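# Survey of secondary and tertiary structure
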Amino acid sequence: MNTIDELKELMLKIGIKECIVNETDPAQPLAGRAMDSIDYPAFIAAVEERYGIIITDRYSLKLRSLNDFMNFINDGS
Amino acid sequence: MSRSNAAVELLSRNLELHPDKAAYFCGDRALSYRELDKACRRFARLLQKQGIAPGERVLIVLPDCFAFPVAFLGCLLSGAVAVAAGAHLVEGDLTYIFGDCGARLLVSHAELAAPRSVIGDKVKVILCGDDGPLEDSISFDTFDSPYLPSSEDFAYMLYSSGSTGMPKGVPHRHESLLLPCDLMGRDLLGITSDDVIFSSSKFSFTYGLINSLAFPLRFGATAILHQGKPDQRAILDIISRRKPSIFFSVPTIYTQIILSCAQRQLKLPMRLCCSAGEALPAAVFEEWQRLTGMEILDGIGSTEMTYHFICNIPGQAVAGSAGRLLPGYRARLVDNNGNDVPAGSEGNLLVSGDTSSPFYWNHPEKSAETMLPDGFIRTGDIFVERKGFYYHRGRSDDMIKAGAHWVSPVTVEDALRSHPAVADCAVAAVSVGALIKPGAFVVLTPGTEQTPGLTGELRAHVMARLPDYMCPVRFRFMEELPRTSTGKIQRFRMRE
């Protein structure tokens, strides 16, 4: 399973509907499309727990798409 | 001793100066100052015809549409106390507020079912459409004798969430609507009749009430109303169409706008962006400034104090700080024994000023605890002050301010405990994605496995019972919860 698939699995885990997860374009911002202001922090928390990382305030505002999360997880950037 | 009626102060000058100017925009429609004045007077007459006497409470449960200022100011004109409750409130809160304020009349919207199901046929109801009462059978009698309030009369009351989960009524006198206009609107924000004001916070919150009712009418400006949920897509659409000059919002909305932006730059028409409701993280301030070229003026106020008492000044905003103490207010930072702490040390913030509420409605014990005999109000916030700037450091109680809403841990814990997998739980503030949110610490019932789908199931369980901002964003599963020797949950040990 690649990182994008893992992230989509986390989206499902926090309760985002499968049809929305399937339609999510990894290059597009998640906010306003796949996630609202309640889902987004839940997703960050799920990513931190799954990968054992801490996403600081500053980074959290730069991680807007699944690709951003994937790059951060894989490269730390 | 009599005082001026705030509704007269907010309406009459505009009627003289620019009767045909838009007081409000909502969707594609506008309401002029002449239309607003006429509708408010008609509403005041309607209240009189319904037998509502000065001092009686009128419960207003309306979305942000023209009908709200019409009903609210109509109450003030007639001398009734406008009790503004949010259209988003769940039935339990509405039931409590209705009983607590003792209203004999409900003003609600035809499309809202909850308020009427709560009150049944116990009181009279004025049903409204977007513009005002639907069946206004009263021919327009001139209402030319607005109530002249005494210094003891209340004008309105808002409800603020309490730590036990039950909201507390916070009554205010007429001048509470006017003083923030002078102290903050004129002297600090420089609001004039040229401004177009857009507040994403609703009328039923003190921040939204002053932003969308007091400020625009006091200065003859125009306010934009948005009936729906304040998500960033709707907000950006309104900003693009109506081009507000001042935007009042909350950190959660600023964060959502930042996160939804695919471009490197965002061009916006405002001259001022303001924030309140919860502490604005430095990272959000800085990213917004990078994205838009504008600073966000963060400030702290409360329902008890009507509006901001600490705020940043345009052109001098400091990232991560709530700003400086505003003229007209006094503040103290004290330790748990009530002694002032030295500058640079954390302390409990006490504040006093002429906009303070004298007590909580029907809560003498809580009032005595919060409204101190020397005129200071205990805010429950911990701050540190450096070189005149105040920095938020958290709460002294277990309450959580999330998405500019108060969240009582007790309420969320009760909802979680109703799930069969939860043996025990605690809810505390956690910092995730630059903002403070509720986090849940759960002890599972014996035999329950921590499956991958359990978190989603618990979130859905809470969402089905409570407003979405109360839903924990993080779930941690534990063997046991930290407790005192007497068995009380130590939520402060779980804050992250």
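## With respect to the overall build of chain A
Check the secondary structure of chain A and you find 5 helices and 0 strands. Counted from the first residue to the last, chain A has its helices and strands arranged as α-α-α-α-α. Over its C-alpha atoms chain A spans a radius of gyration of 11 Å, differing by no more than 12% from the 11 Å that the globule rule assigns to 77 residues. Principal-axis analysis of the C-alpha atoms gives chain A an extent of 30 × 30 × 20 Å. Counting the 77 residues in chain A, one finds 42% classified as buried. Looking at chain A alone, contacts between residues at least 24 apart form 53% of all its contacts between residues at least 6 apart.

## Here's the deal with the interface of chain A and chain B
The interface of chain A with chain B comprises 20 residues on the first partner and 32 residues on the second. Those elements that place two or more of their residues in the side of chain A that touches chain B are α3 (39–51) and α4 (57–60) of chain A. Considering each element in turn, the side of chain A that touches chain B owes the most residues, 5 residues, to α3 of chain A. Class assignment of the residues belonging to the side of chain A that touches chain B gives a composition of 10 nonpolar, 5 polar and 5 charged.

## Concerning the sheet that holds strand β7 (residues 156–160) of chain B
Residues and elements named next belong to chain B. Taken together, 6 strands build an open sheet; the order of strands is β6-β5-β3-β4-β7-β8 and the sheet is mixed. Of all strands in the sheet, those bounded by a partner on one side alone are β6 (124–128) and β8 (168–172). Strand-to-strand twist in this sheet, taken as the mean axis angle between neighbours without regard to direction, amounts to 25°. Note that strand β4 (residues 81–85) and β7 share 3 bridges and pair parallel. In the strand pairing of β7, Val83 is matched with Met157.

## Thoughts on the packing of helix α1 (residues 6–17) of chain B against helix α7 (residues 206–219) of chain B
Residues and elements named next belong to chain B. At a minimum axis separation of 8 Å, α1 and α7 run at an interaxial angle of 35°. When you trace α1 past α7, the crossing you get is left-handed. Along its contact with α1, which presents Leu10, Leu11 and Asn14, the element α7 presents Ala214, Leu217 and Arg218. Of the residues belonging to the contact of α1 with α7, the class tally is 4 nonpolar, 1 polar and 1 charged.

## Topic: the sheet that holds strand β24 (residues 474–477) of chain B
Residue and element names in this part refer to chain B. With respect to topology, 3 strands assemble into an open sheet ordered β22-β23-β24, the strand pairing being mixed. Pairing within the sheet leaves two strands with one partner each, and these edge strands are β22 (422–432) and β24. Neighbouring strand axes in the sheet, compared pairwise and without regard to direction, differ in orientation by 25° on average. Note that strand β23 (residues 435–444) and β24 share 4 bridges and pair parallel. When the sheet's bridge partners are listed, Gly439 is paired in β24 with Arg474.

## Some thoughts on the domain arrangement of chain B
Interfaces are often sized by the accessible area lost when the parts come together. In terms of domains, chain B is made up of domain 1 (1–171), domain 2 (174–397) and domain 3 (400–494). A C-alpha centroid distance of 37 Å is found between domain 1 of chain B and domain 3 of chain B.

## Some points on the pairing of strand β5 (residues 105–109) of chain B
Residues and elements named next belong to chain B. Counting buried residues in β5 gives 5 out of 5 residues, a clear majority hidden from the surface. The alternating pattern of β5 places Leu105, Val107 and His109 on one face and Leu106 and Ser108 on the opposite face, and all of these are buried. Note that strand β3 (residues 57–61) and β5 share 4 bridges and pair parallel. Note that in β5 the partner of Leu59 across the bridge is Leu106. Bridging between β5 and β6 involves 5 bridges; their strand directions are parallel. The partner of Leu105 across the bridge, within β6, is Lys124. Read from β5 through helix α5 (residues 114–119) to β6, the crossover connection turns out right-handed.

## Side note on the packing of helix α6 (residues 175–186) of chain B against α7 of chain B
All names here are of chain B. At a minimum axis separation of 9 Å, α6 and α7 run at an interaxial angle of 75°. If you check the angle between α6 and α7, you find them roughly perpendicular. Every residue of α7 that contacts α6 at Leu177, Leu178, Pro180, Cys181 and Gly185 is listed here: Ile210, Ala214, Phe215, Arg218 and Phe219. Class assignment for the residues of the contact of α6 with α7 results in 8 nonpolar, 1 polar and 1 charged.

## Considering unusual backbone geometry
Residue and element names in this part refer to chain B. Non-glycine residue Asn362 carries a positive phi angle of around 65°. Note on placement: Asn362 falls in the loop between β17 (347–353) and α11 (364–370). Using a count of 13 C-beta atoms within 10 Å as the deciding quantity, one classes Asn362 as partly exposed. Positive phi values are uncommon outside glycine, yet Ala434 reaches one of about 75°. Relative to the elements of secondary structure, Ala434 occurs in the loop between β22 and β23.

## A word on helix α10 (residues 282–292) of chain B
Every buried residue of α10 of chain B is listed here: Ala283, Val284, Phe285, Glu287 and Trp288 of chain B. Looking at the buried positions of α10 of chain B, the neighbouring elements they touch are α4 of chain A together with α9 (251–260) and β13 (296–301) of chain B. Phi for Gly293 of chain B, located one or two positions after α10 of chain B, is positive at around 80°.

## A short note on the environment of His226 of chain B
All names here are of chain B. By the secondary structure assignment, His226 is in the loop between β10 (222–225) and α8 (232–242). Residues His226 and Ser201, spaced 25 residues apart in sequence, show a C-alpha to C-alpha distance of 9.3 Å. Each residue touching His226, except ones within four places of it in the same chain, is listed here: Asp64, Ala234 and Ile238.

## Topic: the confidence of the model for chain B
Considering every residue of chain B, the mean pLDDT works out to 92; 97% of them sit at 70 or more. Model confidence for the complex is summarised by a pTM of 0.90, with the ipTM given as 0.89.

Conventions adopted
Residues numbered from 1 in each chain as written. Chains lettered and ligands numbered in written order. Predicted model: local features only at pLDDT ≥ 70, side-chain atom pairs only at ≥ 80, totals over all residues. Helix = DSSP H or I, 4+ residues; strand = E, 2+ residues; numbered from the N terminus. Rg over C-alpha atoms; globule rule 2.2 N^0.38 Å. Buried ≥ 20, exposed ≤ 12 C-beta atoms within 10 Å, placed from the backbone. Contact = placed C-beta atoms within 7 Å. Nonpolar A, V, L, I, M, F, W, Y, C, P; charged D, E, K, R; others polar. Pairing = 2+ DSSP bridges. Axes fitted to C-alpha atoms, helices over the stretch in contact; angles between N-to-C directions. Left-handed = near helix turned anticlockwise from the far one by under 90°. Domains from an automatic or database assignment. Right-handed = clockwise from strand over helix to strand, strands pointing away. Parallel < 35°, antiparallel > 145°, perpendicular 65-115°, else oblique. pLDDT = per-residue confidence, 0-100.

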